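Next come the chains, spelled out residue by residue.
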Amino acid sequence: MMKIKLIPFLLFLTLLNACQKDSSFEVHQLSTNHLEKPLGLEEKPVFSWQISAESGFRQDAFRILVGSSTDKLEEGKADLWDSGKIHASQSVGQVYQGKTLEPGVRYYWKVMVWNPQDQLAESQSSWFEMGLTEDSNWEAPWISHVEEGREVPPLTPAPYFRKTFELSEEIQSARLYIAGLGYHEALINGQKVGDHVLDPALTRYDKRVKYVVHDVTHLLQKGENAIGVVLGNGWYNQHTREAWDFDQAPWRASPALRLQLKVVDAAGRERWIYSNRDWKYSLDGPIIFDGVHNGESYDARKEMQGWAAPGFSGDSWNDAVEISGPQGKMSAQVMPPIRVTGRLDPKSSWEVNDSTLMLDFGQNLTGWANIRVDGPAGSGVKMRYGERIYPDSTLDVEELSRFIWTGDTQTDRYYLKGEGEESWHPVFTYQGFQYVEVTKSDLEVELLDIQADVVHTDLAERGYFRSSNDMFNQLQENFRWSFLGNYHGYPTDCPHREKMGWSGDALLVAETGLYNFGLSRAYLKWIDDFLDEQRPNGDLPGIIPTSGWGYTYNQGEDPERGYGPQWEGAFLEVPWQLYRFTGDSTIIRNYYPAFKKYVDYLNAHADGYLLNFGIDDHKQLENKTQGPFLASAFFYYFSNILSQMAGIAGEEQDRQTYSDMASKIREAFHIKYYHPQSGIFDHGGQTAQAVPLFVGLVVKDQEAAVLATLLEAIQEKQGHINAGVVGTKALIQVLMRFGHSELLYEMADKRTYPGWGYWVDELGASTLFQNWDGSQSRNHIMFGTIGDFFYKGLGGIQPTDEAAGFKRILLKPSFPDDLEWVEAGHQSPYGWIRSHWKREGERIRWEVEVPGNSSAEIRLPAELTDELRLNGKQVAATDLVSGADTAGPYIGLLVASGRHVLEF
């Protein structure tokens, strides 16, 4: 086959574009800092847009206009910024360069786009609204129901706060800026503000406090108004004694409220309502207990009808107490909120005894029970939540209680008011469960209905995978349930037993998560949490956020050090993958100094460029790979990544420095761990062989020997996984990278222990488990790295480092013999990428969709390309490029945007 150089290859793409005339195109999907119309923006705006067009479209130029009103979005009238006509094809990550933006003000923008034929299209206008960007913007004091100064905050019922005020004019707009810690629910004139739950997200409150911005224009009225806020303990006053010491956190205090309400009347006059000592509070409300680990208790007899509406008599309420409050910087919560995203009915139920009913929802989920009951006043309904049952069909919560040392575990209580049908669900806690045990205190209580509300950070869907393998389809669903159930303002390890932000879990599934969900703003919030936890010397803990726990790993060889970069390195891995998936280089530039500080910390505590601390390959069954081996390998990996980040950040000297450091780590690693005569690293197990290949430690002429030993290690286990969570991630990536997708398919498809198929077929899994045998937690994400294979290996959809954000896409699927078809898609910043293939007799029909203003490089194994047809026409050899990568010989073809059909 003729080998063609790159320049003619690109010329072919240009010709392909030229042959397909653009008759029309539309500019849409405008986003600011990865959100559509964000409220509370505090950083410099970064603009992106998408383009719908006929095949072959390429943006030739753009112009961004930003104004103080929609009237100021015309050429020559933009009063904030007119970028001018910029000849560039990028339609993501364009940074605002205009005038200073004022706190709390809404601004409008649009973009004009030209194609190579100088045809023009203009978007509709969009907007973004700034938050309270300066500390001086916060004039309201913190208030509470408890005086400060108590060493241990008292455990009280939930405090209810209220304030009434008059508005003499019609209202033009109103914004509520609220930080209610630990959790809050706000009402205006008796109506709930927004649809969020469990606000605000957990942070390290002595470093950063999240406030939430709501547009409440529609809730206010001319005349008398009332605002009410009820506070839960949340993580701010986490009172349960547990393994991670949040009950001893340095910030711990009684619930507190800071609130500012800005009202603009019809004449444009501003009025501010502040939380202060003029507010009233009561402890006589119905939420008599709440705890993030324990549950919530609610006494409906204590309900105060109309407590947050005008006309309520609050004469018995007390004056609020002004306090200094937490010391953390006020920071807008600009990310998808936690919401109730769905509701499930029980799949089955059975009586345990006369007073106890067990419900099985058929799905391991995160949320709470939503009940309707009828019964006498004072009678109670207790709900205990769990994810498994004993052989006698009673609830098993033993494992879930292992780290919770005081109080109940996942238990809600409701006490009836006795006035007919009543409904309730908790608001200041959430549970992880499949089963709910419901116990009535009185046989007269009638359970009318019980459903399960699904609750998690409301992440947008960004991908799909389905195939002819039903077990794989179930695994894809299991990943989605586990990932969403483990996102509540930050990524957690499990939603029941711990709720901890273990960094290693998130590091491993960052890619799979980004294929499936819109995670940009959620992940950026978590990266800020890393900043808050990073010590001056660069050190990081194993959980983020933390109470101060996790900076050391006492089971390691150096008990003064932590979990190692194979865990804490999520600080670099998550933003690196976020950059690869979004193309937004501001992510790298903004955080680069902190990334550098962490790698420098590792270097400062290395001995001859190797580390002697860190967690081992977690959950490996045998041949356990030790922490120092993994830590040293990931020290190399992140030194290399930091070198690339330095180039993006414009730090050329650093780029060379960290590249040189990586070379020295590689040399030291080989001396200590590699046996060149046998091709074996360390003990030669699956993890020991896969990790060096994954992170790039193996020099080119030794890759074949190391790979061969890895394949032998797999064969020794009859094709079963014999690796922990780190090794499994590495194994999947290596087998894809080196062209062994058929073997990887066979490993992934095994239905016997240990393996994903065993979970699904034998244990009936509806989520991902912590252990291969199904013991301990049954809702963990760390083995979810198999999702990388679904999207990258079978669907073949991959970003490229050279053109991040899918500006240029690599489409390189594999076609295992036992699969009949695959459909995979990912919504990139440029639009939907789709890869659908199916067998038709002896041939394969592959339909691809490339979004507007991007292109794709298609790679097919050389042996599969006989009689290759593109869009019904035979592809000439002169239009192909032949080459070889780590997976072997391939033929390549560049295609422009649009839908294409390949047959071979």
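Refer to the preceding data block for the structure.
A brief structural summary. (Residues numbered from 1 in each chain as written. Predicted model: local features only at pLDDT ≥ 70, side-chain atom pairs only at ≥ 80, totals over all residues. Heavy atoms only, no water.)

## Topic: the nonpolar core
In step 1: Judged by nonpolar contacts, the single largest core of 213 residues is most densely connected at Trp-756 and Phe-789.
In step 2: Looking at this core, the element that brings in the most residues is helix α9 (residues 627-648), giving 13 residues.
In step 3: In contact with Trp-756, not counting residues within four places along its chain, are Met-471, Leu-475, Ile-721, Thr-728, Ile-732, Ala-748, Trp-772, Phe-783 and Ile-786. (Core = buried A, V, L, I, M, F, W, Y, C linked by side-chain atoms within 4.5 Å. Buried < 20%, exposed > 50% of the residue type's maximum accessible area, 1.4 Å probe, protein only. Helix = DSSP H or I, 4+ residues; strand = E, 2+ residues; numbered from the N terminus. Contact = heavy atoms within 4.5 Å.)

## Some words on the sheet that holds strand β48 (residues 881-885)
In step 1: The sheet built from five strands is open, its strands ordered β40-β41-β45-β49-β48 with mixed pairing. Unpaired on one side and paired on the other, β40 (797-799) and β48 mark the two borders of the sheet. Across this sheet, the average inter-strand angle for adjacent strands is 35°, counted without regard to direction.
In step 2: As defined by bridge partners, strand β45 (residues 855-861) adjoins strand β49 (residues 888-895) across six bridges and the pair is classed as antiparallel. The residue of β49 that forms the bridge with Leu-860 is Ile-891. (Pairing = 2+ DSSP bridges. Axes fitted to C-alpha atoms, helices over the stretch in contact; angles between N-to-C directions.)

## What to know about unusual backbone geometry
In step 1: Gly-182 follows Leu-181 through a cis peptide bond whose omega is -5°.
In step 2: Cis peptide bonds are those with omega within 30 degrees of zero, and the linkage from Tyr-753 to Pro-754 qualifies with -5°.
In step 3: Checked against the element boundaries, Pro-754 lands in the loop between α14 (741-748) and α15 (756-763).
In step 4: Despite not being glycine, Leu-198 shows a phi value in the positive range, around 55°.
In step 5: Among the structural elements, Leu-198 can be located in the loop between β14 (191-192) and β15 (208-215).
In step 6: For Leu-198, a relative accessible area of 3% puts it in the buried group.
In step 7: In this structure, Asn-871 is a non-glycine residue whose phi angle is positive, near 55°.

## A word on the layout of surface pockets
In step 1: Estimated volume of the second largest pocket: approximately 810 Å³.
In step 2: Forming the boundary of the second largest pocket are 36 residues, of which Gln-29, Ser-31, His-34, Leu-35 and Arg-462 lie nearest the centre.
In step 3: Of all the secondary structure elements, the ones that give two or more residues to the lining of the second largest pocket are β1 (25-32), β3 (46-53), β37 (517-518), α5 (520-533), α7 (570-582) and β42 (821-828).
In step 4: Considering every element that reaches the lining of the second largest pocket, the biggest residue donor is β1, with five residues.
In step 5: Of the residues in the lining of the second largest pocket, the class split is 14 nonpolar, 17 polar and five charged. (1 Å grid on protein atoms, 1.4 Å probe; cavity = no way out; pocket = protein on both sides within 12 Å on 5 of 7 lines; lining within 4 Å. Points joined across faces, edges and corners; volume = space filled by probe spheres on them. Nonpolar A, V, L, I, M, F, W, Y, C, P; charged D, E, K, R; others polar.)

## Quick word on a negative patch on the surface
In step 1: A contiguous patch of negative charge, built from Glu-746, Asp-817, Asp-818 and Glu-820, is present on the exposed surface.
In step 2: Relative to the elements of secondary structure, Asp-817 occurs in the loop between β41 (808-811) and β42.
In step 3: Take Asp-817: its relative accessible area is 57%, and that puts it in the exposed class. (Patch = residues over 30% accessible without salt bridge, like charges linked within 9 Å, V, L, I, M, F, W, Y side chains within 5 Å. Areas by Shrake-Rupley, 256 points an atom, 1.4 Å probe, with all protein chains shown as cover. Salt bridge = Lys/Arg side-chain N within 4 Å of Asp/Glu carboxyl O. Lys, Arg positive; Asp, Glu negative; His and termini not counted. Charge placed at Lys NZ, Arg CZ, Asp CG, Glu CD.)

Function cannot be read off these values alone, since they describe shape.
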